[in-house]
Amino acid sequence: MRAITESEIRTSFINCSKGEAKRLGLPRDLAEQPWAELDFLGWQDQGAPGRAYLVTERGDRWAGVALRVTSGGGRGFTARSMCSLCLTTRTGGSVALMTARRTGEAGRQGNTVGQYLCGDLACSLYLRGRKVSAGGRLVEETLTLEEKVARLHANLNAFLDKITE
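What you are looking at is a predicted structure, and each value in this text was computed from that prediction instead of being measured.

Cut-offs applied
- Residues numbered from 1 in each chain as written.
- Predicted model: local features only at pLDDT ≥ 70, side-chain atom pairs only at ≥ 80, totals over all residues.
- Heavy atoms only, no water.
- Pairing = 2+ DSSP bridges.
- Helix = DSSP H or I, 4+ residues; strand = E, 2+ residues; numbered from the N terminus.
- Axes fitted to C-alpha atoms, helices over the stretch in contact; angles between N-to-C directions.
- Buried < 20%, exposed > 50% of the residue type's maximum accessible area, 1.4 Å probe, protein only.
- Polar contact = N/O pair within 3.5 Å; in protein donor to acceptor, adjacent residues only side chain to side chain.

Caption draft 1: Highlighting the sheet that holds strand β2 (residues 51–58). One open sheet holds the five strands; their spatial order is β1-β2-β3-β6-β7, and the pairing between them is antiparallel. Of all strands in the sheet, those with a lone pairing partner are β1 (41–44) and β7 (112–118), marking the two edges. Averaged over neighbouring strand pairs, the angle between their axes works out to 30° when direction is ignored. Pairing analysis gives two bridges linking strand β3 (residues 61–69) to strand β6 (residues 95–101), with the strands arranged antiparallel. Bridging across to β6, Arg-68 finds its partner in Thr-99.

Below, the structure written as structure tokens:
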């Protein structure tokens, strides 16, 4: 992923108003992101609990999505969940159901799409072994890193497609 600026982030959102995009909290460490190892930029809003954001490149454009993090009941440390993007298995509630308002008329009617995602949205770093989940692990598989990255992109694009249908 190439580096992205604050103004590019704010203008990239496809499922919220310009006013909402203007008010959202950006990651504090935006300049220090490991851009070469990211497939998307994801973060939880420190000023608005329960809100998260994801920005990625789609073709030659940026696509940003505002997410709501559901506050499910706390799961025990031994309970495992899997992220639907990177397929990292995590424990202790580290995978959360995140919902995104759909675009267009469906979104105006309140329709949403949900996926189970890593709570910290650091899928790219888990996939590359740069970050390790306590008690979690990647599924043992024979795919190369490039194939795993391609799968993550396919899973992310499928999620974005559902939002924009």
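Once you've had a look at it, read on.
Caption draft 2: Summary view of the pairing of β3. The element β3 is extensively covered by neighbouring structure, given that seven of its nine residues are classed as buried. Here β2 pairs with β3 via eight bridges, running antiparallel. Bridged to Ala-52 within β3 is Leu-67. In this antiparallel pair of consecutive strands, β2 and β3, the connection spans two residues, and Gly-59 shows a positive phi of 65°.

Caption draft 3: Representation of the side chain of Asp-39. Tracing the backbone shows Asp-39 in the loop between α2 (18–23) and β1. A polar contact is formed between the side chain of Asp-39 and the side chain of Arg-128, at a distance of 2.7 Å.

Caption draft 4: Structural context of the environment of Arg-101. Relative to the helices and strands, Arg-101 resides in strand β6. Taking relative accessible area as the criterion, Arg-101 reaches 34% and is therefore assigned partly exposed. Spatially, the C-alpha atom of Arg-101 lies 7.0 Å from that of Ile-163, the residues being 62 residues apart in sequence. For Arg-101, the side chain forms a polar contact with the main-chain oxygen of Asn-15, separated by 2.9 Å.

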